[in-house]
Amino acid sequence: VFILAIESSCDDTAAAVLRNNKVLSNVVARQSIHEEYGGVIPELASRAHQQNIVPVIDVALRKAGITKEQLSAIAFTQGPGLMGSLLVGASFAKSLAMALHIPLIAVNHMQAHILAHFIDEEGFDKPEFPFLALTISGGHTQIVQVNDYFSMDIIGETTDDAVGEAFDKTAKILGLPYPGGPLIDQFAKEGNPKKFAFTKPKVDGLDFSFSGLKTQILYFIQKNVQANPNFVEENKHDICASVQNIIIEILMDKLKMAVAQTGIKQIAIGGGVSANSGIRNTLKAAEGKYGWKTYIPKFEYTTDNAAMIGIVGYQKYLQDQFTDSTVVSKARIEF
Ligand code: ATP
Ligand code: FE
């Protein structure tokens, strides 16, 4: 089975070709246009997708070494995401599937961040059901109990900002370019995580909140810059390490609570923020510390990519979960 997968939910145009559960090609065109605005501008994202989609798919097919006539089905991101961006991928997928007379498969982007773990990749174990997924990305922060490929329950989620936003907004406060998450990660490596103390938000149960932390960081920086205009420059590494540290503590507190509640000790992470090296190291260490089995995806399958859409496409193909061209894109979508 050859699946062509298209992902266009936000600001990256991505295409991948899978042969069964193996990735033959995984191409991403990053849109650098948003950097100068400090965030994604939906209209610009949509236009860039229109420019990128044909070349990105061409390259994906070429790298996979197959022609479009060999494709078995086309999978695309139905949502959640930016409507204008989703529509570009959806329209293209629909027309191509129709032209080639092959099935069309609609994929939930957040399920894909989780099911990326089922891509067959040397050196990476696949989780066993049931497991807990911590999905941390630019728009979501969820703890999901995954009972089967398409049987998932969100047991905790953010009540305001996502973790990725906490990273990106902190970076903005520090004057770093968008998206700031990777830069904070990089600077944190050389900093002292205990240098500056921030307080954790009090949120009941398995839910999260990150907007208070952002305000706390803003006031902290403003106060210190007033006393010393070079405060950020002089303490960049320690600030990043301390912010990353508190975010990791918040995530780990809730994960421990979720494990206690469900009795499930298999933890898989997904979403762009799971690229974070501090989070990866802490989770790895939790195996020895708490007796968990943790699953950390290959780096390129964490941030937005089409291979993860392709693996969901493959699973749905096996289960005959096809759709037709009347399917509508959805900015918000539950499981
Ligand atoms: P969603 O998946 O919720 O629709 P999205 O697709 O915009 O959101 P992803 O691409 O999954 O989000 O993740 C992007 C986020 O990941 C950004 O907020 C970015 O700053 C963050 N991120 C990427 N790498 C790192 C890192 N190393 N450390 C921290 N955050 C990171
Ligand atoms: Fe994403």
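Here the structure is a predicted model, which means the values were calculated and not measured.

The rules behind these values
Residues numbered from 1 in each chain as written. Chains lettered and ligands numbered in written order. Predicted model: local features only at pLDDT ≥ 70, side-chain atom pairs only at ≥ 80, totals over all residues. Near = placed C-beta within 6 Å. Helix = DSSP H or I, 4+ residues; strand = E, 2+ residues; numbered from the N terminus. Nonpolar A, V, L, I, M, F, W, Y, C, P; charged D, E, K, R; others polar. Core = buried A, V, L, I, M, F, W, Y, C linked by C-beta atoms within 7 Å. Buried ≥ 20, exposed ≤ 12 C-beta atoms within 10 Å, placed from the backbone. UniProt positions renumbered as here; feature names shortened; annotations may be inferred. Contact = placed C-beta atoms within 7 Å.

In this section: the site of ligand 1. Around ligand 1 sit 25 residues, and of these G138, G139, G164, G181 and G272 come closest. Elements represented by at least two residues in the shell around ligand 1 include exactly helix 3 (109-115), helix 4 (163-173) and helix 5 (181-188). A class-by-class count of the residues in the shell around ligand 1 yields 7 nonpolar, 15 polar and 3 charged.

As a further point, take the nonpolar core. Residues A5, A15 and A16 are the most contacted members of the largest nonpolar core, which totals 93 residues. When residues of this core are assigned to their parent elements, the largest contribution, 10 residues, is made by helix 7 (residues 231-262).

Attention now moves to the UniProt feature "binding site: Fe cation" (unreviewed entry) in the protein chain. Mapped onto this numbering, the UniProt entry annotates "binding site: Fe cation" (unreviewed entry) at H109, H113 and D304. The largest pairwise C-alpha distance within this set of annotated residues, which runs over 196 residues, is 8.8 Å, so the set is compact in three dimensions. By the element assignment, H109 lies in helix 3. Each residue touching H109, except ones within four places of it in the same chain, is listed here: S9, T77, G79, P80 and G81. Once you skip the residues sitting within four places of it in the chain, H113 turns out to touch T135, S137, G270, G271 and M308.

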